[in-house]
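Structural features, examined
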Amino acid sequence: MDVLKAAQTYVKKMITEVPGMKVLLLDQHTTPIVSLVTTQSELLAHEVYLTDRIDNTAREPLTHLSCIAFLSATDHSVEAVKAELAKPRYGGYWLYFSNTLTKGQIEEMASVDELEVVKEVQATTHLPPPTHVPPSPSPVLSLQGHPRRPAQSEEAARHPLGEDVAGGKEAGDGGAVVPSSSCPIFHLSRGGFCTPVLDCAPCLVGAAMQHPPYRELFDFRPTAGPTPLLLVLDRRNDPVTPLLSQWTYQAMVHELIGITNGRVRIEHEEMLELRDIVLSASSDPFFSQNLFANFGDLGAAIATYVSDYQSKNSSIAGGAAGSSRIETVADMKRFVEEYPEFRRLGGNVTKHVTLVGELSRLVERDDLLAISEVEQSLASQESHQADLRSVMTLLSSPKVPQSNKLRLAILYALRYQRFQGNQIAQVVDALIHNGVSADRARLVYVMLNFAGADGVENVYTQHSPHLSQTLDLLLKGRLKESSYPFLEGDEHARMQRPQDIIVFMLGGTTYEEARAVALLNQKLASDAAGGPGGTRVLLGGSTVHNSASFLDMVASCAENFLPSIYNPPSGIPASSAATPTPGHSSATTPAPYAGAGGPRADGPAINLRAGGYELSVGGSGGSGVFRTGQDSGATFQIGGGAQQVAEGIMDGAGRLWGNVRQRVEERVSRSATPQGR
């Protein structure tokens, strides 16, 4: 179930069936599809000498050319075809649509074809544009840019996934399973306050596949074997993955710069040809090999890549002292044959060196190493006070961008929402105090209300997306039907292990999840229990998120809810600055912090100063002994309740025990290691 290969097959079939010199007409939806699955050189090899948009009215008449029109099956594209056929510019038209047409649409186009220039009309039931094509057999496809219908209900419009639920996504899901020629059975996640809205999505897909015109697609040449399974998941079940810092090549590029339809734009790059970069695993061997490489290994790979280029440059340009090696006709022939490949290699090296250099600059500028360290602490340790102190330190750092401060605050809130002594309100106040607008800071509460605390612990403790655990349970047959019920289908098909699993994430997926699916496919490829070729997983989503797009989606969705969505959940105190009165503009004045003369709201529960040292227990600064730098006498202060005192003591004791255990383990390890000579 290779999405890229399926798309390439469709496009190649179009351009090879029509003989002679051709022009290719596209629309807004099909342009990114063709740009991702083929190149201009491949089109020229099949005599496609002109590619243009059908809505470009300034095209010149070229009656000696045949026209291939690959368009989406929307009313807008049908109207463009009618205008084209009324005054044809080309000798003949072969019309291909990316989805099924209605009888009325076909009749409308036929009524204006008075010159009978239309030779053929086909519906390719094509896949939506795959925005991620790893070298494994499982790309993640995105419906970003896919034609949508308006939401059909108020509940669907208010769902965090918005128009994805009732906006015509069944067309994309249906297209994804057409290559298997089998109608799938449906698994869907259940849970949360919008479960009925989520349920309507697979219902729409299922109803569409059981009735014309989609029903005929699965009755035509049905294939033997296990029935495909369509697993519909909710982004709210794992709000953490889109918010974490990414350290693999493709995910880093999307998080820090952004990937749109395989293109990356570096705005401030001095060389104009490097401002717009194309990343494609199918045509870029270095990107294909290092797609999932971490940042450290990527640096070593870049160094090797540059060294190989330099050695090849020396062999082609000449030997030492600038002597030329092009002396005979054979040398000239070799040079002509190798030079195009050499130039392409040089351009690719320059592209990746520029891109990795930009990533390094952003990592240094935004202090991402320190941010990632705090994220790892949140993921692996159980020290609330230490985590709170680290978060507060980064929130007050002028080097950390506001977007990263908001990410850290949300991650802290999701991690410690169930912790009774959490300081979520103080963290929100600190956000506003350090320059984050109150409207953005309120997203901490919005995220808690949308996503809650369900499933977050699994993501943190396993250091992997929640999707990995879900797929593991599904493959082992242990996925709870109460949490992931079947929509409908043959009972016998439910008991079989599916060979094709299509996972669709309502609300958008991530490149980190795409990496997990790609690695899982590599593991399953050799699994004989999964049938011929092993079980195959295809990941899809309404878009491919980075942290910025995910937070923008949440903020946009919150506007469709009652103002109470901005209030903290029950059991969490409200922030003093991030809960404006409904109907009024949000306050941007930071919450007042107490001065040195009085206790602070987030200050330590116990504070003892003597002899130039300070002992603090509890508070946002954490528990410990600190040097004050001056001896101002002895003071003792209690500034909090007994609960906070107890929490601080427990936190300090836990850290002390952790340090002692680490020292003992290190000593045992050293004593057990033989000394080398």
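Residues numbered from 1 in each chain as written. Predicted model: local features only at pLDDT ≥ 70, side-chain atom pairs only at ≥ 80, totals over all residues. Heavy atoms only, no water.

The name given to the protein chain in an unreviewed UniProt entry is Vacuolar protein sorting-associated protein 45, with Saitozyma podzolica as the source organism. Per UniProt, the comment on the protein chain under Sequence similarities (unreviewed entry) is "Belongs to the STXBP/unc-18/SEC1 family." (UniProt positions renumbered as here; feature names shortened; annotations may be inferred.)

1. A few points about the overall build of the protein chain
Scanning the protein chain for helices and strands turns up 26 helices and 18 strands. Evaluated residue by residue, the protein chain yields a buried proportion of 49% over its 677 residues. Long-range pairs, those at least 24 residues apart, make up 77% of the contacts in the protein chain between residues at least 6 apart in sequence. Roughly 32,400 Å² of accessible area belongs to the protein chain as shown, and the carbon and sulfur atoms make up 53% of that amount. (Helix = DSSP H or I, 4+ residues; strand = E, 2+ residues; numbered from the N terminus. Buried < 20%, exposed > 50% of the residue type's maximum accessible area, 1.4 Å probe, protein only. Contact = heavy atoms within 4.5 Å. Areas by Shrake-Rupley, 256 points an atom, 1.4 Å probe, with all protein chains shown as cover.)

2. Some points on the packing of helix 20 (residues 443–451) against helix 25 (residues 547–558)
Geometry of a packed helix pair, given as the angle between the helix axes and the separation of the axes. Contact geometry for helix 20 and helix 25: axes closest at 10 Å, N-to-C directions at 80°. Comparing their axes, helix 25 and helix 20 come out roughly perpendicular. Residues L443, V446, M447 and F450 of helix 20 touch helix 25, and the partners they reach there are F550, L551, V554, A555, C557 and A558. By residue class, the composition of the contact of helix 20 with helix 25 is 10 nonpolar, no polar and no charged. (Axes fitted to C-alpha atoms, helices over the stretch in contact; angles between N-to-C directions. Parallel < 35°, antiparallel > 145°, perpendicular 65-115°, else oblique. Nonpolar A, V, L, I, M, F, W, Y, C, P; charged D, E, K, R; others polar.)

3. A word on a nonpolar patch on the surface
Where nonpolar side chains cluster on the molecular surface, the patch consists of M21, L44 and Y49 and spans about 280 Å² of accessible area. Along the chain, M21 falls in the loop between helix 1 (3–17) and strand 1 (22–26). (Patch = residues over 30% accessible without salt bridge, like charges linked within 9 Å, V, L, I, M, F, W, Y side chains within 5 Å. Salt bridge = Lys/Arg side-chain N within 4 Å of Asp/Glu carboxyl O.)

4. Considerations on the sheet that holds strand 2 (residues 48–53)
Taken in spatial order, the 5 strands of this open sheet run 2-1-3-4-5, and their pairing is parallel. Two strands lie at the open edges of the sheet, namely strand 2 and strand 5 (118–123), each paired on one side alone. Pairwise comparison of adjacent strand axes, ignoring direction, gives a mean angle of 20° for this sheet. As defined by bridge partners, strand 3 (residues 62–71) adjoins strand 4 (residues 90–97) across 7 bridges and the pair is classed as parallel. (Pairing = 2+ DSSP bridges.)

5. Let's talk about the pattern of salt bridges
Enumeration over the complete set of coordinates arrives at 20 salt bridges. In this structure, R263 and D276 form a salt bridge, with 3.3 Å as the shortest nitrogen-oxygen distance. One end of the pair, R263, is in strand 9 (residues 263–265); the other, D276, is in strand 10 (residues 276–278), with 13 residues separating them in the sequence. Taking relative accessible area as the criterion, D276 reaches 34% and is therefore assigned partly exposed. Of the charged contacts, one joins R265 and E267 as a salt bridge, the two residues approaching to 3.2 Å between their closest N and O atoms. Here R265 falls in the partly exposed class, since its relative accessible area comes to 41%. E267 gets classed as exposed once you look at its relative accessible area, which sits at 54%. Members of the salt-bridge network, linked through shared partners, are R59, E84 and R89.

6. Examining helix 1
In this model helix 1 runs 21 Å from its N-terminal to its C-terminal C-alpha over 15 residues, within 8% of the 21 Å that 1.5 Å per residue would give. The complete set of buried residues in helix 1 reads V3, L4, A6, A7, V11, M14 and I15. (Expected span 1.5 Å × (residues − 1).)

7. A few points about the pairing of strand 1
Within strand 1, 5 of the 5 residues are buried, which leaves it mostly tucked inside the rest of the structure. Where strand 1 lies against strand 2, 5 bridges are found, and the strand directions are parallel. Considered in strand 2, the bridge of L24 is made with T51.

8. Looking at the packing of aromatic side chains
Overall, the coordinates contain 7 aromatic pairs when judged by the stated rule. Aromatic side chains F450 and F561 sit 5.3 Å apart centroid to centroid with 65° between the ring planes, which places their arrangement in the edge-to-face category. With F450 in helix 20 and F561 in the loop between helix 25 and strand 15 (606–610), the pair connects residues that are 111 residues apart, well separated along the chain. The same class applies to F450 as to F561, namely buried. (Phe/Tyr/Trp six-rings, centres within 6.5 Å; stacked < 30°, edge-to-face > 60°.)

9. Notes on the nonpolar core
Ranked by size, the top nonpolar core spans 77 residues in total, and within it Y249, I424 and V444 carry the most contacts. Broken down by element, this core gets its largest block of residues, 8 residues, from helix 17 (residues 402–415). Split by domain, the residues of this core number at least three in each of domain 2 (132–148 + 181–244 + 463–561) and domain 3 (249–318 + 329–366). If near-sequence neighbours (up to four positions away) are discounted, Y249 is found in contact with F286, F287, N290, L291, A293, L298, H352, L355, V356 and L359. Among the nonpolar cores identified, the runner-up in size contains 19 residues, and L233, L475, I501 and V517 belong to it. (Core = buried A, V, L, I, M, F, W, Y, C linked by side-chain atoms within 4.5 Å. Domains from an automatic or database assignment.)

10. Observations regarding the side chain of T470
Of note, T470 is situated in helix 22 (residues 466–475). Ignoring sequence-local partners within four residues, the contact set of T470 consists of L231, L233, L479 and Y484.

11. Some words on helix 16 (residues 384–395)
Relative to the 16 Å expected for 12 residues at 1.5 Å per residue, helix 16 spans 16 Å between its end C-alpha atoms, a close match to the ideal helical length. Burial within helix 16 is extensive, with 9 of its 12 residues counted as buried. Restricting attention to buried positions, one finds in helix 16 the residues H384, Q385, A386, D387, L388, V391, M392, L394 and L395.

12. As for the pairing of strand 11 (residues 500–506)
Burial analysis of strand 11 places 7 of its 7 residues in the buried class, which makes it a mostly covered element. The alternating pattern of strand 11 places D500, I502, F504 and L506 on one face and I501, V503 and M505 on the opposite face, and all of these are buried. Where strand 8 (residues 229–234) meets strand 11, 6 bridges bridge the pair, whose relative direction is parallel. From the neighbouring strand, V232 faces strand 11, where its bridge partner is F504. In this sheet, strand 13 (residues 536–541) lies alongside strand 11 in parallel orientation, the contact comprising 6 bridges. Within strand 13, the position partnered with V503 by the bridge is L539.

13. Details of the side chain of D500
Locating D500 in the fold gives a position in strand 11. Side chain to side chain, D500 and R536 meet in a polar contact 2.8 Å long. (Polar contact = N/O pair within 3.5 Å; in protein donor to acceptor, adjacent residues only side chain to side chain.)

14. A word on the environment of V117
By the secondary structure assignment, V117 is in the loop between helix 5 (103–112) and strand 5. For V117, a relative accessible area of 7% translates into the label buried. The residues touching V117, leaving out its near neighbours within four places in the chain, are L85, P88, G91, G92 and Y93.

15. Some points on the environment of T16
Its place among the elements puts T16 in helix 1. Residue T16 is classed as partly exposed on the basis of its relative accessible area of 41%. Residues T16 and V48 lie 32 residues apart in sequence; the distance between their C-alpha atoms is 9.7 Å. Of note is the side chain of T16, whose polar atom sits 2.7 Å from the backbone oxygen of K12.

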